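Commentary on secondary and tertiary structure
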Amino acid sequence: MEIKLHPPITNASGPHSVTYEELERIAQSAAGAIVTKSMTHCPRQGNPEPRLRAHLDGELGSLNSMGLPNLGYLEYAKFIPKLKEFGKPVIASIASAPCAHKLPPIEQYYEIATAIERAGADAIELNLSCPNLEDIPIAMDPQSVRAVLTAVTNAVKIPIGVKLAPYNNVPKLFDQIARTLLDFDIAYVATINSEPLTLDIDLKTRTKVIRPNDGFGGLGGPAVLPIALAEVHRFYKFFQKQKARIAVWGVGGIIRAEDAIKHFLAGASVVQIGTLFLWDGPQAFEKLWVGIQRWLQENGFSSVEEIVGQVREI
Ligand SMILES: Cc1cc2nc3c(=O)[nH]c(=O)nc-3n(C[C@H](O)[C@H](O)[C@H](O)COP(=O)(O)O)c2cc1C
């Protein structure tokens, strides 16, 4: 099932997407869809602060270990009908996390997905790759990925996207995950989530820049662009070869129109914007879209579709 967005740009789940007011600002922006913060079964406070360094030295990107602070799925279910009035797709990002009721992760995904479909969401993005929780992300285990996808794809009819971790240093796992996805009716993969287990140090204070998880967190922004491009391209080539109709949505490192163009050339048909949105707010979408259109025109193209996957070999 395909999801068509115009323009093919959305926010990436997380930055400025927790409260109704924040989601409404995305609705009013030039973004082609509204993606919610990853919602969990229980509301969550998230990790202790400081847990986000928005600007790393040298504008390399952002480092966070938020721990999925969110209002809980029942609140987002209430927001969805109001957000739909803005006339663009509402994509509900869903995650599992430890919770007082101790529901197993698969049941959490199932319960949230079915409730969110009933609330009227246009699509679901299964976040299987949060790097900042105690448990190893589901995206790192093909059997768990299969179990979640079996439960959710059998239960809901709206399009499903899957947010994945970078697999750059574990090629075998990339192959296992990509093959697992072929067995399901999914609309897109969104790649990448924050690059896990990264660290930065504040030289003024000689401290780690964030507190949780011994200072280790997920990296986003310019520093991850080549990692994201590689993941987008690998999935794009794999799905082409297998004749699978799964779109690739590129996430990671986009702060200029040229970065988005690289994602499209690598195989992304939609791009998602995390750190830049954190930095610049909703005007980021308009600016990027204007720049993308200018690049297309200057290079003799009339639409993004014409360049998707069109990177040349050297
Ligand atoms: C503060 C912050 C919170 C995030 N929260 C989520 C989240 O709830 N769910 C999710 O799938 N990704 C989350 N991410 C990851 C982003 O969606 C994105 O995958 C990552 O930042 C890479 O994109 P970027 O280089 O454009 O920032 C978060 C990122 C940041 C910076």
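Structure: see above.
Reference entry: report on the structure contained in this document. Since this is a predicted model, take the numbers as computed values, not measurements.

Quick notes on the sheet that holds strand β8 (residues 188–191)
Pairing in this open sheet of eight strands is parallel, and the strands run β1-β14-β13-β8-β7-β6-β5-β2 from one edge to the other. Every interior strand has two partners, whereas the edge strands, β1 (9–11) and β2 (34–35), have only one. Two strands pair when backbone bridges link them, and β8 and strand β13 (residues 247–251) are joined in this way by four bridges, in the parallel orientation. Directly across from T191, in β13, lies its bridge partner G250.

Considering the site of the ligand
In the neighbourhood of the ligand, 23 residues make up the surrounding shell, with S13, S38, G221, G253 and T275 lying closest. With respect to the ligand, the side chain of N193 contributes an N or O atom lying 3.5 Å from a nitrogen atom. Backbone polar atom of G221 to an oxygen atom of the ligand: 2.7 Å apart, as the coordinates give it. In isolation the ligand has 610 Å² of accessible area, and contact with the protein removes 97% of it. Residue composition of the shell around the ligand, by class: seven nonpolar, 14 polar and two charged.

Thoughts on the pattern of salt bridges
This model, assessed by the stated rule, comprises ten salt bridges. Close ionic contact of R53 with D202 constitutes a salt bridge, the shortest N to O distance being 3.0 Å. Taken together, the positions of R53 in strand β3 (residues 52–53) and D202 in strand β10 (residues 201–202) put the pair 149 residues apart, joining distant regions of the chain. Across the pair R234 and E231 runs a salt bridge, and its minimum N-O distance is 2.7 Å. Of this pair, R234 and E231 both sit in helix α6 (residues 225–241), three residues apart, which is roughly one turn of that helix. A relative accessible area of 25% places R234 in the partly exposed class. With relative accessibility at 0%, the residue E231 sits in the buried group.

Remarks on unusual backbone geometry
Cis peptide bonds are those with omega within 30 degrees of zero, and the linkage from H6 to P7 qualifies with -5°. By the secondary structure assignment, P7 is in the segment before β1. A cis amide bond, omega -5°, links E49 with the succeeding residue P50. Examined against the element boundaries, P50 turns out to sit in the loop between β2 and β3.

Thresholds applied
- Residues numbered from 1 in each chain as written.
- Predicted model: local features only at pLDDT ≥ 70, side-chain atom pairs only at ≥ 80, totals over all residues.
- Heavy atoms only, no water.
- Pairing = 2+ DSSP bridges.
- Helix = DSSP H or I, 4+ residues; strand = E, 2+ residues; numbered from the N terminus.
- Near = heavy atom within 4 Å.
- Polar contact = N/O pair within 3.5 Å; in protein donor to acceptor, adjacent residues only side chain to side chain.
- Areas by Shrake-Rupley, 256 points an atom, 1.4 Å probe, with all protein chains shown as cover.
- Nonpolar A, V, L, I, M, F, W, Y, C, P; charged D, E, K, R; others polar.
- Salt bridge = Lys/Arg side-chain N within 4 Å of Asp/Glu carboxyl O.
- Buried < 20%, exposed > 50% of the residue type's maximum accessible area, 1.4 Å probe, protein only.

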